[in-house]
Amino acid sequence: MTYGHDAAYELVGVDGRAYLSPVPGTLGGHRRARLYGRLDCPSALRAVARGGYVRHRVFFADAATAVAAGYRPCAVCLPREYAVWKAAGDRRELDGVLTLLRAQRPRAEAVVIGHGRDGAHLAEAFAAAWEGTVLAVVAWPETAASWLRQARRFTAGAPDAWVVAGAPAGWAGMSERLRRSTDWDPDRTYGFAATARAVALAGPGTLEGMRGADTSGEPWKIGRNLIYREPS
């Protein structure tokens, strides 16, 4: 966007604030989604054409500035950079969940791992890193008639803790079935970042006491149907 006769451009700096620059940005982004990409990104251009993207459109001088401001690479136009960013986030989440479990008292030894379609890679990474016993790995669909079969497998074996990964909708459905039909305990359940958002979809109290780690590795806990940051 230009200003007056100086043809100044509004860019976003490393502090996340807008400033005027005599040269245009080399990358575009979306303020609410916190992502950045190429100016010719087909996904962004389609969104701009529909008109819904323009209000939150921002620009950056370079990728280092966008990253410092807290934006992540676009998976469509910057797939390699996105893969690096995703791998780093997955590692931080994994380390965060492992730290929480290692601190559990009494000490957790045997765990059951559960995951939806989008959480399979995190479940596999946790299974490979866990020093104790993995009693079972249970997958569930994002939509199901009841999730009863998966819930029974998930609670068989009396684990010390459960570890879950996957999209919010699938975990919300699975957790509601667990709450109604099994002796599953959310206080002994640890989740990756996306599972926390299931609190907005599951019934009141379903996930009360569940803990986990976000994409930065920082701990969270669910209480009163809200996600609270835990001191690290």
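Residues numbered from 1 in each chain as written. Predicted model: local features only at pLDDT ≥ 70, side-chain atom pairs only at ≥ 80, totals over all residues. Heavy atoms only, no water.

Right, let's talk about the pattern of salt bridges for a bit. As a working rule, side chains carrying opposite charge can pair if their charged atoms are close by. Summed over all chains, the structure comprises seven salt bridges. Residue Lys86 pairs with Asp90 through a salt bridge whose shortest N-O separation is 3.0 Å. Taken together, the residues span about one helical turn, with Lys86 and Asp90 both in helix α3 (residues 79-102) at a distance of four residues. Note that Asp214 and Arg229 form a salt bridge whose closest N and O atoms lie 1.9 Å from each other. In this pair, Asp214 is assigned in the loop between β12 (211-213) and β13 (219-223) and Arg229 in strand β14 (residues 226-229), connecting sequence segments 15 residues apart. (Salt bridge = Lys/Arg side-chain N within 4 Å of Asp/Glu carboxyl O. Helix = DSSP H or I, 4+ residues; strand = E, 2+ residues; numbered from the N terminus.)

The next point concerns the nonpolar core. Counting 21 residues, the largest nonpolar core has Phe154, Trp171, Met174 and Leu207 as its most contacted members. Where this core is concerned, the elements lending two or more residues are α5 (148-155), β10 (161-165), α6 (168-181) and β13. Counting residues per element, this core draws most heavily on α6, which supplies four residues. Beyond its immediate sequence surroundings of up to four residues, Met174 is in contact with Trp140, Trp147, Gln150, Ala151 and Phe154. Membership of the second largest hydrophobic core comes to 18 residues, among which are Leu100, Val111, Ile113 and Tyr190. (Core = buried A, V, L, I, M, F, W, Y, C linked by side-chain atoms within 4.5 Å. Buried < 20%, exposed > 50% of the residue type's maximum accessible area, 1.4 Å probe, protein only. Contact = heavy atoms within 4.5 Å.)

Before going further, it helps to examine the side chain of Ser175. Here Ser175 is to be found in helix α6. If we ignore the near neighbours within four places in the chain, the residues touching Ser175 are Trp184, Ala202, Thr206 and Leu207.

Taken together, four strands build an open sheet; the order of strands is β6-β4-β5-β7 and the sheet is mixed. Each of the sheet's edge strands pairs with one partner strand only, and the pair in question is β6 (57-60) and β7 (72-73). As paired elements, strand β5 (residues 35-38) and β7 share two bridges and run parallel to each other. Across the sheet, residue Tyr36 finds its bridge partner in β7, namely Pro73. (Pairing = 2+ DSSP bridges.)

To continue, consider the sheet that holds β12. A sheet is described by the order of its strands in space; here seven strands give the open sequence β9-β8-β10-β11-β12-β13-β14, paired in mixed fashion. Lying at the two open borders of the sheet, with one neighbouring strand each, are β9 (133-139) and β14. When the angles between neighbouring strand axes are averaged without regard to direction, this sheet yields 25°. Sheet topology places β12 next to β13; three bridges connect them, and they run antiparallel. By the bridge assignment for β13, Arg211 is matched with Lys221. The sheet strands contacting α5 are β8 (110-115), β9 and β10, and the helix crosses β9 at an angle near 175°. (Axes fitted to C-alpha atoms, helices over the stretch in contact; angles between N-to-C directions.)

Before going further, it helps to examine unusual backbone geometry. In this chain, Arg105 is followed by Pro106 through a cis amide linkage whose omega measures 0°. Counting through the fold element by element, Pro106 comes out in the loop between α3 and β8. Notably, Ala158 is not glycine yet its phi reads approximately 50°, a positive angle. Among the secondary structure elements, Ala158 is positioned in the loop between α5 and β10. Taking relative accessible area as the criterion, Ala158 reaches 65% and is therefore assigned exposed. One non-glycine residue with positive phi stands out, namely Asn225, at about 60°.

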